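Each chain, written out:
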Amino acid sequence: MLDADFFRRWMTATAESVGREAERLTELDSPIGDADHGINLRRGFDAVADVVAEKVPDTPGAVLVLAGSRLISTVGGASGPLYGTLLRRTGKALGDTAEVSPEQFTDALRVGVDAVMALGGAAPGDKTMIDALVPAVDALGESFAAARAAAEQGALATTPLQARKGRASYLGERSIGHQDPGATSAALLIAALAETAGE
Amino acid sequence: MSDGTVSSGEQGAQLVGVVLVSHSAAVAASVADLARALIGGGGTVPVAAAGGTESGGLGTSAELITAAARSVDRGAGVAVLTDLGSAVLTVKALLAEGDELPDGTRLVDAPFVEGAVAAVVTASTGADLAAVEAAAAEAYTYRKV
């Protein structure tokens, strides 16, 4: 079973990972975005790490709702409302139970991913974070490690795609050949989840 | 952040507020100035600009949007117009929260500059939120060539 502490450690691990990888995310965002993905996401997850340490929310759902709200307030770019919606909807779907099973978490994360697709209007294959998140949720029933591998594979698989959402979509065919920064950061989030679970 | 007192429209009617959300503080403020200037002799519509991040950079701030919406809320609804990407997504995410923005706040699907002018001019007549939204959306149909 997964308790509030597990989810706090997941958020902290994500903040550390995003901090380590911020420069790479921004480099990926230079050719096809506005070169701020790493900076924005680091600012957001640093704020998340602070707030979950400070407020010590006591249920898994409360941790994720709080984290999502902080991201919307602090990121400043499109990844804020997108990741914020992902975490908040997942948290709301978990309700207010003190512990959740991996199966319950998988179902809730799927609700969160669906909400992100509705918010941004993106589908798999559009070269967005969805290309890492959908395969991750699909593999999560198997194990956290499988979800991590699926997310990383999904992020790598965005390279040959043409972007159909966000600023990169204005570039048309010139977006081909670059790995999507949003899918890459989504893979970091899922990798931090597996790391937190010890897988 | 600016607003104004209710001084026109039907007697006692409250005016719809307008919030302009851009990645750039200068763009949001300038479009607000332009729309206000085109009201003419009518009243003063509560218009607020929410441009850029709180630290003055380019981007979108949920806090600035929330504060702007509250500052223009006169109880008749608030029309929010946005430019790109994160401006659209942040307003949608705030609306999905349910309690972050005043009751009767709506994201209006409209071109930013032309829609803002149409929204503010329509609001100055004392029109309701649906009419303000329709006027702003109609700006999409105005072809220039």
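Residues numbered from 1 in each chain as written. Chains lettered and ligands numbered in written order. Predicted model: local features only at pLDDT ≥ 70, side-chain atom pairs only at ≥ 80, totals over all residues. Heavy atoms only, no water.

### Some details on the layout of surface pockets
Thought 1: Of the voids in this model, the largest pocket is the one considered here, and its volume is about 1,300 Å³.
Thought 2: Lining the largest pocket are 50 residues, and of these A:A78, A:G166, A:R167, B:G85 and B:S86 sit closest to its centre.
Thought 3: Taken together, the elements giving at least two residues each to the lining of the largest pocket come down to helix 1 (4-32), helix 2 (37-55), helix 4 (79-94), helix 5 (102-120) and helix 8 (181-196) of chain A together with helix 3 (85-97) of chain B.
Thought 4: Looking at the lining of the largest pocket element by element, the count peaks at five residues for helix 3 of chain B.
Thought 5: Looking at the lining of the largest pocket residue by residue, the class counts come to 23 nonpolar, 17 polar and 10 charged.
Thought 6: Approximately 150 Å³ is the volume attributed to the second largest pocket.
Thought 7: In terms of lining, the second largest pocket is formed by A:L66, A:S69, A:R70, A:I72, A:S73, A:R88, B:A62, B:E63, B:T66, B:L94, B:E97 and B:E100.
Thought 8: Listing elements by their share of the lining of the second largest pocket, those giving two or more residues are helix 3 (60-74) of chain A together with helix 2 (62-72) and helix 3 of chain B.
Thought 9: With five residues, the top contributor of residues to the lining of the second largest pocket is helix 3 of chain A. (1 Å grid on protein atoms, 1.4 Å probe; cavity = no way out; pocket = protein on both sides within 12 Å on 5 of 7 lines; lining within 4 Å. Points joined across faces, edges and corners; volume = space filled by probe spheres on them. Helix = DSSP H or I, 4+ residues; strand = E, 2+ residues; numbered from the N terminus. Nonpolar A, V, L, I, M, F, W, Y, C, P; charged D, E, K, R; others polar.)

### Quick look at the packing of helix 6 (residues 130-140) of chain A against helix 8 of chain A
Residues and elements named next belong to chain A.
Thought 1: Direction vectors running N to C along helix 6 and helix 8 enclose 25°, while the axes themselves pass 9 Å from each other. Taken together, the axes of helix 6 and helix 8 lie roughly parallel to each other. Between helix 6 and helix 8, the residues in contact are A132, L133, A136 and L140 and A183, A186, A187, I190 and L193, respectively.
Thought 2: When its residues are assigned to classes, the contact of helix 6 with helix 8 shows nine nonpolar, no polar and no charged. (Axes fitted to C-alpha atoms, helices over the stretch in contact; angles between N-to-C directions. Parallel < 35°, antiparallel > 145°, perpendicular 65-115°, else oblique. Contact = heavy atoms within 4.5 Å.)

### What about the sheet that holds strand 2 (residues 47-51) of chain B?
All names here are of chain B.
Thought 1: In space, the four strands of this open sheet follow the order 2-1-3-4, with parallel pairing throughout. Only two strands of the sheet have a single neighbouring strand rather than two, namely strand 2 and strand 4 (105-107). Strand-to-strand twist in this sheet, taken as the mean axis angle between neighbours without regard to direction, amounts to 20°.
Thought 2: Most of the contacts of helix 1 (residues 25-37) go to strand 2, to which it runs at about 165°, and overall it touches strand 1 (17-22) and strand 2.
Thought 3: Sheet strands touched by helix 2: strand 1, strand 2 and strand 3 (78-82). Its angle to strand 2, the strand with the most contacts, is close to 180°. (Pairing = 2+ DSSP bridges.)

### Points about helix 3 of chain A
Residue and element names in this part refer to chain A.
Thought 1: Under the 1.5 Å per step criterion, the end-to-end length of helix 3 is 21 Å for 15 residues, consistent within 8% with the ideal 21 Å.
Thought 2: In terms of burial, helix 3 is largely enclosed, as 11 of its 15 residues are buried.
Thought 3: Of all the residues in helix 3, the buried ones are P60, G61, V63, L64, L66, A67, G68, L71, I72, S73 and T74.
Thought 4: Just downstream of helix 3, G76 is the residue with a positive phi angle, here 90°. (Expected span 1.5 Å × (residues − 1). Buried < 20%, exposed > 50% of the residue type's maximum accessible area, 1.4 Å probe, protein only.)

### Comments concerning the side chain of A:T74
Residues and elements named next belong to chain A.
Thought 1: Its place among the elements puts T74 in helix 3.
Thought 2: Within the structure, the side chain of T74 is placed 2.7 Å from the backbone oxygen of R70, a separation counted as a polar contact.
Thought 3: In this structure T74 touches R43, G44 and A47, once residues within four positions along its chain are discounted. (Polar contact = N/O pair within 3.5 Å; in protein donor to acceptor, adjacent residues only side chain to side chain.)

### Quick word on the pattern of salt bridges
Thought 1: Scanning the model with the defined rule gives 11 salt bridges over all chains in all.
Thought 2: We note a salt bridge from A:D5 to A:R9, for which the minimum N-O separation is 3.2 Å. One end of the pair is A:D5 and the other is A:R9, both in helix 1 and four residues apart, which spans about a single turn.
Thought 3: The closest approach of N and O atoms between B:E114 and B:K144, which form a salt bridge, is 2.4 Å. Taken together, the positions of B:E114 in helix 4 (residues 112-124) and B:K144 in the segment after helix 5 (129-138) put the pair 30 residues apart, joining distant regions of the chain.
Thought 4: What makes B:K144 exposed here is its relative accessible area of 59%.
Thought 5: The network of salt bridges with shared partners includes A:D5, A:R8 and A:R9. (Salt bridge = Lys/Arg side-chain N within 4 Å of Asp/Glu carboxyl O.)

### Concerning helix 8 of chain A
Thought 1: The end-to-end C-alpha separation of helix 8 of chain A is 23 Å, in line with the 22 Å expected for 16 residues at 1.5 Å each.
Thought 2: Of the residues flanking the start of helix 8 of chain A, the one acting as N-cap is A:D180, its side-chain oxygen 3.2 Å from the backbone nitrogen of A:G182.

### Quick look at the confidence of the model for chain B
Thought 1: Mean pLDDT for chain B: 90, with 90% of residues reaching 70 or above.
Thought 2: Prediction confidence for the complex, expressed as pTM and ipTM, is 0.91 and 0.90 respectively. (pLDDT = per-residue confidence, 0-100.)

### Let's talk about the interface of chain A and chain B
Thought 1: Chain A puts 15 residues into the contact, and the matching count from chain B is 13 residues.
Thought 2: Across the chain A to chain B interface the summed buried area is about 1,100 Å²; carbon plus sulfur atoms make up 54%.
Thought 3: In this structure, the connection of chain A to chain B is made through two salt bridges.
Thought 4: Put simply, B:E97 and A:R88 hold a salt bridge, and the shortest N to O gap is 3.0 Å.
Thought 5: Taken together, the connections running from chain A to chain B amount to five residue pairs in polar contact (both at pLDDT 80 or more).
Thought 6: Those elements that provide at least two residues to the side of chain A that touches chain B are helix 3, helix 4 and helix 5 of chain A.
Thought 7: The biggest single contributor to the side of chain A that touches chain B is helix 4 of chain A, with six residues. (Buried area = accessible area lost by both parts, 1.4 Å probe.)

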